[in-house]
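Fold and geometry: a report
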Amino acid sequence: MKRKNVTSLLALSWAVACGVILVACSGNDRGEDIPGPSDLYSPYVTKVLDFCPAPGQFTNTMPTWQEGDTQETINKKVLDIIGNNKGGMVSLGSFGGYIVVGFDHTIENVSGQRDFRLLGNAFYSNQNPNPNPSREGGNCEPGIVMVAYDKNKNGKPDDDEWYELAGSEYSNETTLKNYEITYFRPDENKTPPEVEEGALVIDPEYIHWVDNRGNDGYIVKNMYHKDNSYFPQWIEGEELTLKGNLLPPNGVDEGTAFGKGSYWVLYAYDWGYADNHLNAEEGSTFDIDWAVDKNGDPVTLPGVDFIKVYTGVLQTCGAVGDTSTEVCGVEDLHLLKK
Ligand SMILES: [Ca+2]
Ligand SMILES: [Ca+2]
Ligand SMILES: [Ca+2]
């Protein structure tokens, strides 16, 4: 015990010394003072500012909604699940569902390096019926990442402080910019249209949506998730409007194509999305230098204080159900010296 204490003390003084050196070396090429890496800070999420999933099969169960929950209690539940390296998981539901997290320091933008990692639950399948897929695929559910640097130091991400990290599909001509969708609260007691006995989809007209392109459709209810409401229960009002850029669908039923029944493969986009590559791979890390403004012009940020992730696709893939980005945490790669 005693030796451990001495070791800890030595480690602490070493860490403090390194911290001082690192702080002294921090800052950026514009000469602005920003907090540097230090063992005094947590490399993980320490705040959940907002959590608003879109309708989806895991909504109200990841985290679990209970009667009486408010936005504040839900945010706290989410922090308990994914904050401080807990490693749990929350689900953002269909397109546009989002989470906003914060830290106890500014994640520094180190030039030429990835700055943070977003943890999700993406995996690659080794049972893809397609023998020659052009990219990794399995259950990749890309979420678009936005970052905010608290320029005015008011402790909040103001509307004009948000920038998107432009991932590999940002310039894809089938990515729809300024997409907007409105989901309508369902009548949970309505009689759904008749479906075949044993059908996978038990309510094909469960949650109606309309978008700003003149389309409409439904989030369907499936037999595997039939007991929870898919509409976030702590949100007030009869409708929920969510905005962002809509990525093209990434799911392909490869089973049908290769005569092997139905087997959906959700393919990974190249880079720059949450819940899109394995947590251990470089594909789950992000460079703050990918930030762009509303016109798509690059923006140089000294660091970020807040990160927002929202589900980037709108699709339902057979038995896998609706695609939703999952978030399990964030790591400051500089503090972790990765
Ligand atoms: Ca960087
Ligand atoms: Ca601010
Ligand atoms: Ca996922």
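Our subject is the structure listed above.
Residues numbered from 1 in each chain as written. Chains lettered and ligands numbered in written order. Predicted model: local features only at pLDDT ≥ 70, side-chain atom pairs only at ≥ 80, totals over all residues. Heavy atoms only, no water.

1. Some thoughts on the coordination of the calcium ion (ligand 3)
The calcium ion (ligand 3) binds to the protein through Asn121 (OD1), Glu141 (OE), Asp275 (OD), Asp275 (OD) and Glu326 (OE); the donor distances cover 2.2 to 3.2 Å. Coordination of the calcium ion (ligand 3) draws on donor residues from a single chain, spaced N-x19-E-x133-D-x50-E in sequence. On the criterion of sequence distance, the pair formed by Asn121 in the loop between strand E4 (116-119) and strand E5 (123-124) and Asp275 in the loop between strand E14 (264-267) and strand E15 (285-286) is long-range, its members being 154 residues apart. By relative accessible area, which is 26% here, Asn121 ends up partly exposed. Looking at Asp275, the relative accessible area reads 3%, which means it is buried. (Donors = N, O, S within 2.8 Å, 3.2 Å for Na, K, Ca; no water. Helix = DSSP H or I, 4+ residues; strand = E, 2+ residues; numbered from the N terminus. Buried < 20%, exposed > 50% of the residue type's maximum accessible area, 1.4 Å probe, protein only.)

2. Here we look at the coordination of the calcium ion (ligand 1)
The protein atoms donating to the calcium ion (ligand 1) are Asn109 (OD1), Val110 (O), Gln113 (O), Asp115 (OD), Asp115 (OD) and Asp287 (OD), with metal-donor distances spanning 2.4 to 2.8 Å. Around the calcium ion (ligand 1), the 6 donor atoms sit at angles spanning 49 to 172°, and that spread fits a shape best called irregular. Read N to C, the donor residues that coordinate the calcium ion (ligand 1) are spaced as N-V-x2-Q-x1-D-x171-D. (Tetrahedral: all angles 85-135°; square planar, octahedral: opposite > 155°, others 65-115°.)

3. Remarks on the packing of aromatic side chains
What describes a pair of aromatic rings is the distance from one ring centre to the other and the angle between the planes of the rings. All chains considered together, the criterion is met by 8 aromatic pairs. Relative to Trp234, the ring of Phe51 lies with its centre 6.1 Å away and its plane at 15°, an arrangement referred to as stacked. Linking Phe51 in strand E1 (residues 47-52) with Trp234 in the loop between strand E11 (216-222) and strand E12 (239-246), this pair joins segments that are 183 residues apart in sequence. Residues Phe51 and Trp234 agree in their burial class; the two are buried. Aromatic pair Tyr206 and Tyr230: ring centres 5.1 Å apart, planes at 85°, arrangement edge-to-face. Of the two residues, Tyr206 sits in strand E10 (residues 201-211) while Tyr230 sits in the loop between E11 and E12, which places them 24 residues apart along the sequence. Side by side, Tyr206 and Tyr230 carry an identical accessibility label, which is buried. Following the ring pairs from residue to residue traces out a cluster consisting of Phe116, Trp271, Phe286 and Trp290. In this structure, Lys177 is placed above the aromatic ring of Tyr170, and the distance from its NZ or CZ to the ring centre is 3.9 Å. Its guanidinium or amino end placed over the ring of Tyr98, Lys308 lies 4.4 Å from that ring's centre, counting from NZ or CZ. (Phe/Tyr/Trp six-rings, centres within 6.5 Å; stacked < 30°, edge-to-face > 60°. Lys NZ or Arg CZ within 6 Å of the ring centre and 35° of its normal.)

4. Some details on the environment of Val309
Assignment of secondary structure puts Val309 in strand E17 (residues 303-311). Contact partners of Val309, with chain neighbours within four places excluded, come to Leu92, Gly97, Tyr98, Ile99, Leu118, Gly143, Ile144, Val145, Ala274, Thr325 and Val327. (Contact = heavy atoms within 4.5 Å.)

5. Points about the sheet that holds E1
Within the open sheet, the 6 strands sit side by side as E1-E3-E17-E7-E8-E16. Their pairing is antiparallel. Two strands lie at the open edges of the sheet, namely E1 and strand E16 (291-292), each paired on one side alone. Taken together, the 5 bridges between E1 and strand E3 (residues 98-108) define a ladder with antiparallel strand orientation. What sits directly across from Phe51, in E3, is Ile99. Each of E1 and E3 is contacted by helix H2 (residues 71-82), which is oriented at about 115° to E1, the strand it contacts most. (Pairing = 2+ DSSP bridges. Axes fitted to C-alpha atoms, helices over the stretch in contact; angles between N-to-C directions.)

6. Some words on the pattern of salt bridges
Scanning the model with the defined rule gives 5 salt bridges in all. With a closest N to O distance of 3.7 Å, Glu331 and Arg117 form a salt bridge. Taken together, the positions of Glu331 in strand E19 (residues 329-332) and Arg117 in strand E4 put the pair 214 residues apart, joining distant regions of the chain. One exposure class covers both Glu331 and Arg117, and it is buried. A salt bridge links Asp203 to Lys190, with the nearest nitrogen and oxygen atoms 3.2 Å apart. Pair noted here: Asp203 is in strand E10 and Lys190 is in the loop between strand E9 (176-184) and E10, with a separation of 13 residues, a long-range link. Among the residues examined, Asp203 registers a relative accessible area of 6% and is labelled buried. (Salt bridge = Lys/Arg side-chain N within 4 Å of Asp/Glu carboxyl O.)

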